[in-house]
Amino acid sequence: MDPGKGKVETVKCTRFAWGSKKLLSTGSFNFAEPIGIKSHSMLDIVIEARNAAISETMKVKRILPFRLRRMVGPFIFMDHAGPITDVPSRPSLLDVLPHPHIGLSTVSYLFGGRVTHRDSLGVEQIIRPGEVNWMTAGRGIAHSERFEDPTALAGGELEMIQTWVALPEKDEEAAPSFNNYTPDMLPIFTDKDVWMRLIAGNAYGLNNDVKTNSPLCYLHVVLKQGAKFGLPKEHSERGFYIVKGIVEVSGIEYHAGQMLVFSKGADPVILAKENSVLMLLGGEPLGERFIWWNFVSSRRERIDQAKEDWKQGRIILPPTDNKEFIPLPDDKSRPAGSPPKPEPLS
């Protein structure tokens, strides 16, 4: 995905705190009884997803970065694609051609459909619902995403969330890597009217084996109507994106397509007004980051180097998908205060 075209942006983050939950003796969580609930949510910001285009026909909802909120913990980018209901006569029009990244990890998570990933390391991986593709770009990688299975596009089933996780400075120039994690590696936890999968990191005292470079949490949460849910306390920044449904916080309703980011000390009760799906994320802030097109770095000059590396072919294409690629965008400034303009899917 491309958070901006032709402009290096400085991104900063502020600090937040988490609520806490009871751990029952059975090993489940009592989400309906958060500890230390305050009378207000201390909501920092509500972000409305913006419409964006990431390929010739693929439309997405863009959540991060936002002009007034660039990051939540290390999460610096978030897109929601689908569900795709209008499939073109040539599904290849949805494809995202090979494109480069530096200084981040891309995280792909599907609710439905299939996507084929190919990258510079020679990896070719079909990602299916409930799995996680975690690709760490480090000093540089290129990859493509192809929608090659027509049956996976039938009936509006293709739907996914993609995020970027910025890397700590010590890991920005690490060797690129790729891992696919299957659903059996991402344990599911349930309580009354609450279902959740821990995608990565740690939350509510839980963890899994997904390799991350900094403290974070990332969860897929499903709430039945009437369910009450609270936020974990392990990290200093957190928020959630509403994929489907309506939730209430401190007497105010929020709907699908909105992200809620909470302030330090907030410990809200989240009430599902109808069956709802959330993507909950957060972690520890990493400090200032520059972002341009598909490149993220703590150093502005590193962005310039990445531009030249892509133009000169020093970031190699996927060996099994090297016949075409996305060229470097024109380096033209946008009007001050304009939202990031998207290009390729991460």
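Since this is a predicted model, take the numbers as computed values, not measurements.

Taking 1.5 Å per residue, twelve residues should reach 16 Å; helix H1 (residues 300–311) reaches 18 Å between its end C-alpha atoms and fits that length. All buried positions along H1 are accounted for by Arg302, Ile303, Ala306, Lys307, Asp309 and Trp310. Taken down its axis, H1 places every buried residue within 165 degrees of arc, on the same side. With its phi angle positive at about 75 degrees, glycine 313 sits one or two positions after the end of H1.

Following leucine 64, the chain continues to proline 65 via a peptide bond in cis, the omega torsion being -5 degrees. The topology assignment puts proline 65 in the loop between strand S6 (59–64) and strand S7 (75–81). For the bond running from glycine 82 to proline 83, omega is 0 degrees, close enough to zero to count as cis. In this fold, proline 83 is placed in the loop between S7 and strand S8 (96–101).

In terms of nonpolar packing, the biggest core is built from 28 residues, with Ile47, Met78, Val132, Trp134, Tyr218, Met259 and Met279 touching the most fellow members. Not counting residues within four places of it along the chain, the set of residues in contact with isoleucine 47 comprises Ile63, Leu64, Phe66, Arg69, Gly257, Gln258, Met259 and Val261. Ranked by size, the runner-up nonpolar core spans 26 residues in total, among them Leu198, Val221, Phe229 and Ile242.

For glutamate 131, the location among the structural elements is in the loop between strand S11 (124–127) and strand S12 (132–136). It is arginine 128 that comes nearest to the buried, bridge-free glutamate 131 among opposite-charge side chains, at 4.5 Å. A polar side-chain atom of glutamate 131 sits 3.3 Å from a polar atom in the side chain of asparagine 180.

Spatially, the four strands line up as an open sheet ordered S8-S13-S10-S11, and their pairing is antiparallel. Taken across any chain shown, the strands that pair with only one partner, and hence form the sheet edges, are S8 and S11. Each strand axis lies, on average, 25 degrees off the axis of its neighbour in the sheet, ignoring direction. With four bridges connecting them, S8 and strand S13 (residues 141–146) associate as antiparallel partners. Bridge pairing links valine 96 to glutamate 145 in S13.

Quick notes on the rules
- Residues numbered from 1 in each chain as written.
- Predicted model: local features only at pLDDT ≥ 70, side-chain atom pairs only at ≥ 80, totals over all residues.
- Heavy atoms only, no water.
- Helix = DSSP H or I, 4+ residues; strand = E, 2+ residues; numbered from the N terminus.
- Expected span 1.5 Å × (residues − 1).
- Buried < 20%, exposed > 50% of the residue type's maximum accessible area, 1.4 Å probe, protein only.
- Arc of directions from axis to C-beta.
- Core = buried A, V, L, I, M, F, W, Y, C linked by side-chain atoms within 4.5 Å.
- Contact = heavy atoms within 4.5 Å.
- Lys, Arg positive; Asp, Glu negative; His and termini not counted.
- Salt bridge = Lys/Arg side-chain N within 4 Å of Asp/Glu carboxyl O.
- Polar contact = N/O pair within 3.5 Å; in protein donor to acceptor, adjacent residues only side chain to side chain.
- Pairing = 2+ DSSP bridges.
- Axes fitted to C-alpha atoms, helices over the stretch in contact; angles between N-to-C directions.

Without other data, these values stay purely geometric and don't point to any function.
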